[in-house]
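In case you want the letters, here they are:
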Amino acid sequence: MSPKSNPKCPACGAGSWKNGVSRTGRQRYVCPSCGKKFDERAGTPYHWLHKPERDVLMATVLYVKYPLSSYQVEEILELFGIEASARQIERWPKRFGPAARRILGRYKVRFSKVWHVDEKFTPHDRAPSEKYKRGRRKWAYQITVLDSRSNVVASYLAPERSTEAAREALRRARDAAGFSPDFVVSDDCFIYDRGVNVLGRRTRHVRAHFEGKLYPHGKGAVLLSNNRIERYHSTLAPKVRSMRGVKNLELGDQFFQVYNFMHNLFRKGRLKRILGRLSIMPSWEGLTRLFYLVRDLSPGFAVRTERRRDG
Ligand SMILES: [Zn+2]
């Protein structure tokens, strides 16, 4: 039997044995069943990093969560004596994607049963054009599904506005939440007309505008309008602008997954409660450690961290 405190093998998931110390002073491990050798940071976002872990995490939070360009983040960090180049900062967010998925898989956000969906135009590429010297702008569409408490359920960075793109975003939302909502609220865009069908017949599609309308829901009624997702887009828009759009759709989609994760994680004291459950102090050091701990947690069951809501 391998000691329980050792990390699991990243290749086959079996327990591991200690296997000496690397030149840089990191504990190394070996897997007795498949023979893989790895160090203590394998499977964490910090694997093979030279920079201090806390600095990487800080840079990533600043760059992902706030409407700052990578150059501005570089500048801010410099004020605190932390050295990181804009290029490095741009590459770090995707390191946190798998860990973010694991955290969200375990500490599930309890989404409400009223969802809002809308797409945001995102500059993507430029097509050669005779009229414009720099080329004609091409767009991608960041489709976001929000619940009625402004948690991001899911998003999809689509290359075009189509029914299939809307379906992909809503499919992701259903998989993330584990259920189909009672209402999906959208604007008049044609992609949702048949796109919402993917959630099944029980889900009601409502086309709403700026002014709210009342719809019967359960024993009462809900007031549905587009304001909530418009409000969300007003925080997303400056972020998109600061990045000057997305060059690569796949990487852009990965970036927005981490963006969604941070959006949900830092809301309503959720991070504090997650750290509290693991008996970690709410600090940068604590958050840095969280990404070690989630690697070693079994993903099997979800822990509830949401406060009980009345009604
Ligand atoms: Zn193994």
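One numbering rule holds for all chains: residues counted from 1, following each sequence as written. Residues qualify for local features only when their pLDDT is at least 70, as the model is predicted, and side-chain atom pairs are given and counted only at 80 or more; totals for whole chains, interfaces and linings, by contrast, use all residues. Hydrogens are left out, water is left out, and the side-chain values use all remaining heavy atoms of the structure.

1. With respect to the environment of Asp193
Looking at the element boundaries, Asp193 is found in helix H6 (residues 191-195). Working definition: with a 1.4 Å probe on protein chains only, accessible area under 20% of the residue-type maximum means buried, over 50% means exposed, and in between means partly exposed. Judged by relative accessible area, Asp193 falls into the partly exposed class, the value being 35%. Considered as a pair, Asp193 and Ala166 are 27 residues apart in the sequence and their alpha carbons are 9.4 Å apart. Contacts are assigned to residue pairs with any non-hydrogen atoms lying within 4.5 Å of each other. Residues contacting Asp193, with those up to four places away along its chain left out, are His205 and Arg207. Among the polar contacts listed, one links the side chain of Asp193 to the side chain of Arg207, at a separation of 3.1 Å. Secondary structure counts use DSSP, requiring at least four H or I residues in a row for a helix and at least two E residues in a row for a strand, with both numbered from the N terminus. Whenever two N or O atoms come within 3.5 Å, that pair is a polar contact, provided that in protein one can donate a hydrogen and the other can accept it, and provided that, for residues adjacent in sequence, both atoms are side-chain atoms.

2. Observations regarding the sheet that holds strand E2 (residues 27-30)
With antiparallel pairing, the 3 strands of this open sheet are ordered in space as E1-E2-E3. Across the chains shown, the open sheet's two edge strands, defined by having one partner strand only, are strand E1 (17-21) and strand E3 (37-39). Pairs of neighbouring strands in the sheet enclose a mean axial angle of 35°, with direction left out of account. One bridge is not enough; two strands pair if DSSP finds at least two bridges between them. With 3 bridges connecting them, E1 and E2 associate as antiparallel partners. The partner of Lys18 across the bridge, within E2, is Tyr29. For helices, the fitted line uses only the C-alpha atoms of the stretch in contact; every axis is such a line through C-alpha atoms, and the angle between N-to-C directions lies from 0 to 180 degrees.

3. Some remarks on the pairing of strand E7 (residues 183-186)
Side-chain alternation along E7 places Phe183 and Val185 on one buried face and Val184 and Ser186 on a second face that is also buried. Examined bridge by bridge, E7 and strand E8 (residues 204-207) share 4 bridges and lie parallel to one another. Note on E8: the bridge partner recorded for Phe183 is Arg204.

4. Details of the nonpolar core
If you look at the biggest cluster of nonpolar residues, it comprises 47 residues, and the most contacted ones within it are Ile89, Ile103, Phe256, Leu290 and Phe291. Counting contributing residues per domain, this core is built from domain 2 (53-106 + 268-296) and domain 3 (114-244), each supplying no fewer than three. Leaving out residues up to four positions away in the same chain, Ile89 has contacts with Ala59, Tyr63, Ser70, Val73, Glu74, Leu77 and Ala84. Grouped together as the second largest cluster of nonpolar side chains are 22 residues, Val153, Ala169, Val196 and Leu199 included. Only buried residues count toward a nonpolar core, which is a set of Ala, Val, Leu, Ile, Met, Phe, Trp, Tyr and Cys residues joined through side-chain atoms within 4.5 Å. The domain limits used here are those given by an automatic or database domain assignment.

5. Comments concerning the coordination of the zinc ion
The coordination sphere of the zinc ion contains the protein donors Cys9 (SG), Cys12 (SG), Cys31 (SG) and Cys34 (SG), at a distance range of 2.2 to 2.3 Å. If you look at the zinc ion, its 4 donor atoms make angles of 104 to 121° with each other, and the shape they trace is tetrahedral. Written as a sequence motif, the donor arrangement for the zinc ion is C-x2-C-x18-C-x2-C. Of the two residues, Cys12 is situated in the segment before E1 and Cys31 in the loop between E2 and E3; the sequence distance between them amounts to 19 residues. Note on donors: an N, O or S atom is included if it sits within 2.8 Å of the metal, or within 3.2 Å for Na, K and Ca, and water is never included, so sites can look incomplete. Any site counts as irregular unless it has four donors with all angles between 85 and 135 degrees, making it tetrahedral, or four or six donors with opposite ones more than 155 degrees apart and the rest between 65 and 115, making it square planar or octahedral.

6. Thoughts on the packing of helix H1 (residues 53-65) against helix H10 (residues 284-296)
Between H1 and H10, whose axes approach to 9 Å, the crossing angle comes to 95°. Between H1 and H10, the crossing angle belongs to the class labelled roughly perpendicular. Residues Glu53, Arg54, Leu57, Met58 and Val61 of H1 pack against Trp284, Glu285, Leu287, Thr288, Phe291 and Tyr292 of H10. Note that Gly is not counted as nonpolar here; it falls among the polar residues with everything else outside the nonpolar set of Ala, Val, Leu, Ile, Met, Phe, Trp, Tyr, Cys and Pro and the charged set of Asp, Glu, Lys and Arg. Split into classes, the residues belonging to the contact of H1 with H10 amount to 7 nonpolar, 1 polar and 3 charged. An angle below 35 degrees is read as roughly parallel, one above 145 as roughly antiparallel, one from 65 to 115 as roughly perpendicular, and any other as oblique.

7. Remarks on helix H8 (residues 249-265)
Multiplying 1.5 Å by the helix residue count minus one yields the expected span of that helix. Between its terminal C-alpha atoms H8 stretches 24 Å, which fits the 24 Å expected from 17 residues at 1.5 Å a residue. Judged by how many residues are buried, H8 sits mostly within the fold: 12 of 17 residues are covered. Those residues of H8 that fall on the buried side of the exposure criterion are Gly252, Asp253, Phe255, Phe256, Val258, Tyr259, Asn260, Phe261, Met262, His263, Asn264 and Leu265.

8. A word on the domain arrangement of the protein chain
By the assigned domains, the protein chain splits into domain 1 (1-42), domain 2 (53-106 + 268-296) and domain 3 (114-244). Computed from C-alpha coordinates alone, the two centres of domain 1 and domain 3 are separated by 43 Å.

9. Quick look at unusual backbone geometry
Here Trp48, not a glycine, exhibits a phi torsion of approximately 65°, which is positive. Residue classification places Trp48 among the exposed positions, given a relative accessible area of 66%. Of note in the backbone geometry, Arg244 takes a positive phi value of approximately 55° without being a glycine. Note that Arg244 resides in the loop between helix H7 (227-242) and H8.

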